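So you can see what is in the structure, the chains are spelled out below.
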Amino acid sequence: MGQLKVIARLLAVQLAAGLWLFILVLIASKWLEPPFADHWLLLGWLFGAALFSWPLKSLWRGVSLIIPLFVYGWFALAIAPIWGLVIALVLWLVYRNGAGHQVPFYRSSTDVITALRIWLDESSPRASGLRLADMGCGDGRLLFNLADHPVLSTLYGYETAWLPYWLARWRLFTWQKRHPGKSASKIQLVRQDFWQQDWGAFDLVYVYLSPAVMAKVAEKAGQGLQQQAWLVSYEFAISEQDCAAHHLTLTDVWELGETDPTRLYWYQKSV
Ligand SMILES: C[S@@+](CC[C@H](N)C(=O)[O-])C[C@H]1O[C@@H](n2cnc3c(N)ncnc32)[C@H](O)[C@@H]1O
């Protein structure tokens with residue numbers, strides 16, 4: 001399941017559980033005198049969360065139960081407000097682009113990395129020295145998992161959120177220790193806004209962003225992408241209208257994963 005969908009469903013579960021608790025309290029107050037003890041309210045909320053998260057995978061059912069416990073624990077332990085500030089700061093360091101660019105940080109799955117490796121393997125008889133760019137590279141997971149592929153000459157990662165960027169920097173530091181010499185410069189991390197970059201400098205442009213920016217991706221790729229280059233988008237497609245308006249062709253769609261399939265969309269400039 002896409003991570004945006006997961007977040008939306010987790011929120012929906014908590015809203016439904018809150019509504020359920022409200023109805024329970026209304027019904028119970030006909031027979032019992034409020035206010036009700038905290039632990040009964042918590043139990044009702046947990047029951048609602050368990051009920052409404054039933055269609056989700058077991059991992060997300062577990063998270064749905066942890067959220068009420070976390071909120072209850074926070075208030076019960078009267079945690080100092082400064083910790084709220086610390087959490088807000090950490091969230092900003094990780095997710096600042098969620099607010100500024102409508103693209104929060106979450107990572108590509110292993111399925112994507114495997115799929116791209118397959119594509120690179122298939123390309124190897126024809127191509128070499130390919131330049132790949134991950135626009136919004138997060139902690140660099142994709143880059144570091146593809147860096148050893150011989151078809152790639154350079155992998156560029158653009159990122160502006162502080163914490164993912166510094167995680168990627170740390171990974172680069174350890175990676176360079178393990179790969180001294182020429183290949184040390186194979187990965188280039190740049191703390192810059194990818195909308196300000198020239199997308200024409202790459203053979204393979206990878207994006208895992210959000211539905212809100214796909215029209216802008218189409219415009220940017222339409223302007224910048226070279227004729228033989230590829231734009232690969234994970235999970236989020238460009239609309240037919242935007243493809244037509246910016247002279248892009250959807251050349252392939254790969255379905256990844258079996259239990260919960262996601263998609264990889266392949267685009268090239270129209271000829
Ligand atoms: C969904 S994450 C994908 C991370 C990584 N590409 C991956 O697949 O694992 C998108 C990333 O893009 C970054 N981002 C969003 N807008 C950006 C911008 N204009 N310039 C640079 N990074 C940006 C976010 O901070 C976030 O880390």
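In this text, all values refer to a predicted model and were calculated from it rather than measured experimentally.

Before going further, it helps to spend a moment on the confidence of the model for the protein. Averaged over every residue, the pLDDT of the protein is 90; residues scoring 70 or more account for 97%. Taken element by element, the protein is modelled with least confidence in helix H4 (residues 81-101), mean pLDDT 81, and with most confidence in strand E4 (residues 204-207), mean pLDDT 98.

Along any regular strand the residues' side chains alternate between the sheet's two faces. Among the eight residues that make up strand E7 (residues 262-269), seven are buried, leaving the element largely enclosed by the rest of the structure. With four bridges joining them, strand E5 (residues 230-234) and E7 adopt antiparallel strand pairing. Across the sheet, residue Ser233 finds its bridge partner in E7, namely Tyr265. Inspection of the sheet shows strand E6 (residues 248-256) paired to E7 by eight bridges, in the antiparallel sense. By the bridge assignment, Val253 is partnered in E7 with Tyr265. Between E6 and the antiparallel strand that follows it, E7, lie five residues; Gly257 among them carries a positive phi value of about 80°.

This brings us to the packing of aromatic side chains. Taken as a whole and judged by the stated rule, the model has 18 aromatic pairs. Measuring from centroid to centroid gives 6.0 Å for Phe70 and Trp74, while their planes differ by 45°, and the two rings are tilted. With a gap of four residues between them, Phe70 and Trp74 both fall in helix H3 (residues 58-76), about one helical turn apart. Each residue in the set Tyr106, Tyr208, Tyr234 and Phe236 is aromatic and connected to the rest through ring pairs, giving one cluster. The cationic tip of Arg61 hangs over the ring face of Trp54; the distance from NZ or CZ to the ring centre is 4.7 Å. Across from the ring centre of Trp162, 3.7 Å away, lies the NZ or CZ of Arg191, which sits over that ring.

What follows deals with the environment of Ile66. On the secondary structure map, Ile66 appears in helix H3. Accessibility expressed as a relative area gives 54% for Ile66, which makes it exposed.

Moving on: the nonpolar core. Membership of the largest hydrophobic core comes to 59 residues, with the highest contact counts inside it found for Trp199, Val217, Leu231 and Leu264. The element contributing the most residues to this core is helix H5 (residues 110-123), with six residues. Ignoring sequence-local partners within four residues, the contact set of Trp199 consists of Met135, Phe194, Val205, Val207, Val217, Lys220, Ala221, Gly224, Leu225 and Leu231.

A few words on the site of the ligand. In the vicinity of the ligand lie 22 residues, with Asn97, Ser108, Gly136, Glu159 and Asp193 positioned nearest. Between Ser108 and the ligand, the recorded distance is 2.3 Å, taken from a side-chain N or O atom to an oxygen atom. Between Gly136 and the ligand, the recorded distance is 2.7 Å, taken from a backbone N or O atom to a nitrogen atom. Expressed as a share of its isolated accessible area of 600 Å², the protein-covered part of the ligand is 100%. Among the cavities detected, the one that contains the ligand is the largest cavity. Looking at side-chain class alone, the shell around the ligand contains eleven nonpolar, seven polar and four charged residues.

Estimated volume of the second largest pocket: approximately 260 Å³. Lining the second largest pocket are Trp119, Glu122, Ser123, Arg126, Ala127, Leu130, Asp203, Leu204, Gln226, Gln228, Ala229 and Trp230. Partitioning the lining of the second largest pocket into residue classes produces six nonpolar, three polar and three charged.

A separate point is the UniProt feature "transmembrane region" (unreviewed entry) in the protein. Within this structure's numbering, the places UniProt gives as "transmembrane region" (unreviewed entry) are residues 6-28, 40-60 and 72-95. With 76% helix and 0% strand, residues 40-60 has end C-alpha atoms that lie 23 Å from one another. Regarding residues 72-95, the helix share stands at 83% and the strand share at 0%, and the terminal C-alpha atoms are separated by 25 Å.

What counts as what
Residues numbered from 1 in each chain as written. Predicted model: local features only at pLDDT ≥ 70, side-chain atom pairs only at ≥ 80, totals over all residues. Heavy atoms only, no water. pLDDT = per-residue confidence, 0-100. Helix = DSSP H or I, 4+ residues; strand = E, 2+ residues; numbered from the N terminus. Buried < 20%, exposed > 50% of the residue type's maximum accessible area, 1.4 Å probe, protein only. Pairing = 2+ DSSP bridges. Phe/Tyr/Trp six-rings, centres within 6.5 Å; stacked < 30°, edge-to-face > 60°. Lys NZ or Arg CZ within 6 Å of the ring centre and 35° of its normal. Core = buried A, V, L, I, M, F, W, Y, C linked by side-chain atoms within 4.5 Å. Contact = heavy atoms within 4.5 Å. Near = heavy atom within 4 Å. Polar contact = N/O pair within 3.5 Å; in protein donor to acceptor, adjacent residues only side chain to side chain. Areas by Shrake-Rupley, 256 points an atom, 1.4 Å probe, with all protein chains shown as cover. 1 Å grid on protein atoms, 1.4 Å probe; cavity = no way out; pocket = protein on both sides within 12 Å on 5 of 7 lines; lining within 4 Å. Sits in = over half its atoms within 2 Å of the grid points. Nonpolar A, V, L, I, M, F, W, Y, C, P; charged D, E, K, R; others polar. Points joined across faces, edges and corners; volume = space filled by probe spheres on them. UniProt positions renumbered as here; feature names shortened; annotations may be inferred.

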